[in-house]
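# Tertiary structure, described
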Amino acid sequence: MLVRLLEALGDEDDARAAAALDALSAYFDRAPADGRAADPLIAALGRVPRERRADVVTLLGRVAARRAAPTLAPLLASADASLRLAAARALGALGDPTGAAQLARLLDDRDARVRFEAAVALARSPDPAVLAAIAARLSGTAPADRHALAVALGGMLATHRAAAGPETERAAPLAALLRAARSDDAGLSARALDALAVAADPGSLPGLLTLAREPAASRRTAALRALAAFADPRAVDALRAAIDDPALALTALGGLGEHGGASDAELALRRSDARALAELRRGRVCARAARATRRASPAYPGPRSASARSSVRAIRTCAPTRRPRSPRSTRGACTSPAVDPRALLGPAHAEAVRVAAARWLGAAGAAGALPGADVTDALEGCTARDPSPDVARACAAPALPPRDDVADVVAYGPGGRTSRPGALLALRLADGSVLVARADANAHLRLARAPRGPLALEDPHEAPLDAR
């Protein structure tokens, strides 16, 4: 199939070549990257109509062939903003560190979209000279898009640390982000704190712990989200300490879902009461509590318009109950004496509950917490009879998707023109769970270690979290 499409791409008939280009885009929506496509695409770049060049460049990024980088780099200086945007995105996808200096120049591009894509693309580079230069600009007084600078620094710091670069080369960039995190500009502060979460560098931990104790609830919330990136006991203790603050409890429970143990799972479920859920009712804590439970149990393996690369894995074990009870461990499976997941597969329950029950049932069966034959019968019956395709799929394959994705969401109002800082979002995740959370001062919500798969936005006041 791929070979035929590439042959058609070189056809002298412009209509046939254009159809092949569209077909290649659809092909790579479903197929893995394949470097065989690089050379035919490079050859096509000079032949296709001007308005289709960005499509070819985008495909060059998707085929993951670094030999395309020399062809893409000159396009960063194109007069066409869409071509600069596509080239920056493609070079970022290729992860070629040699283009960092050229990408850094786009941080001053006149088009905000290009600046953002250049910042994201730079995340793949550990270049210490570019890292230092961007940090100096963030701390300087010259006009600059400091949001783009912070985004670039967060990713570059993470890449530099993963490449075992010297800690001394990260000290100044971390200090620059911490200064920006203390800014009176709420948007810049939130952006810097998110960048520090991406970097997850131990050198920033003392500063984040200080910011998590500041009076402003919005900054403390963002600092706690950043602390969730650390397994350090000091970060975990700070999250536990914030649970008693009603304004911070949900964020703190979410962080404990990443690094807490069995006692934190029980704490999360105990705190799923009316006081802790004064703002968001049960929805978010159910997801967060279940995430903590799953981490503690071997049975649970471990800017866009509200769409995303996805996030947060959690079976909402407490979704059908008014007052969730602490789970008990039965050979590594999360079970409750008051709830049998088989009972939750019935038609009286919402689709979200039935999907979660299928996941839960599969995990309990794999751990031996329920009889294997009973689990098989219940899941096969659900697959054959449930009227919802989503529920039937979950029953047919109840294993949870791997947590190797990221959700990066920006909330916009109707029409997609106006962002909504602090907007209440309900994100339906690929494992069937729902996370209800507020966007930050930039209308941004980023969730790490997400289940691989689609992410949907739902009305947080109407998302089906409970039994009907």
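Described below are features of the structure shown in this document.

Cut-offs applied
- Residues numbered from 1 in each chain as written.
- Predicted model: local features only at pLDDT ≥ 70, side-chain atom pairs only at ≥ 80, totals over all residues.
- Heavy atoms only, no water.
- Helix = DSSP H or I, 4+ residues; strand = E, 2+ residues; numbered from the N terminus.
- Buried < 20%, exposed > 50% of the residue type's maximum accessible area, 1.4 Å probe, protein only.
- Areas by Shrake-Rupley, 256 points an atom, 1.4 Å probe, with all protein chains shown as cover.
- Salt bridge = Lys/Arg side-chain N within 4 Å of Asp/Glu carboxyl O.
- Disulfide = S-S within 2.5 Å.

### Overview of the overall build of the protein chain
- Scanning the protein chain for helices and strands turns up 21 helices and seven strands.
- Buried residues in the protein chain amount to 54% of all 468 residues.
- Counting only carbon and sulfur atoms, one obtains 53% of the accessible surface of the protein chain, whose full area is about 20600 Å².

### Some thoughts on unusual backbone geometry
- Within the chain, Ala64 stands out as a residue other than glycine whose phi angle is a positive 60 degrees.
- Inspection of the secondary structure assignment puts Ala64 in the loop between α4 (53–62) and α5 (69–72).
- Of note in this structure, Ala164 is not a glycine but carries a positive phi near 60 degrees.
- Secondary-structure assignment places Ala164 in the loop between α10 (146–162) and α11 (168–181).

### Considering the pattern of salt bridges
- Going through the model one piece at a time under the given rule, you end up with 21 salt bridges.
- Note that Arg89 is salt-bridged to Glu117, the shortest N-O span being 2.9 Å. One end of the pair, Arg89, is in helix α6 (residues 81–94); the other, Glu117, is in helix α8 (residues 112–122), and 28 residues separate them in sequence.
- Under the relative-accessibility criterion, Glu117 is labelled buried at 14%.
- A cluster of three or more residues bridged by salt bridges with shared partners is formed by Asp22, Arg52 and Asp55.

### Structural notes on the state of the cysteines
- All chains considered together, the criterion is met by one disulfide.
- Linked covalently through their sulfurs, Cys382 and Cys395 form a disulfide whose S-S length is 1.9 Å. In this structure the cystine formed by Cys382 and Cys395 twists about its S-S bond by roughly 75 degrees; its chirality is therefore right-handed. Taken as a pair, Cys382 in helix α20 (residues 372–385) and Cys395 in helix α21 (residues 389–396) lie far apart in primary sequence, 13 residues in all. Cys395 matches Cys382 in its accessibility class, with the two residues each being buried.

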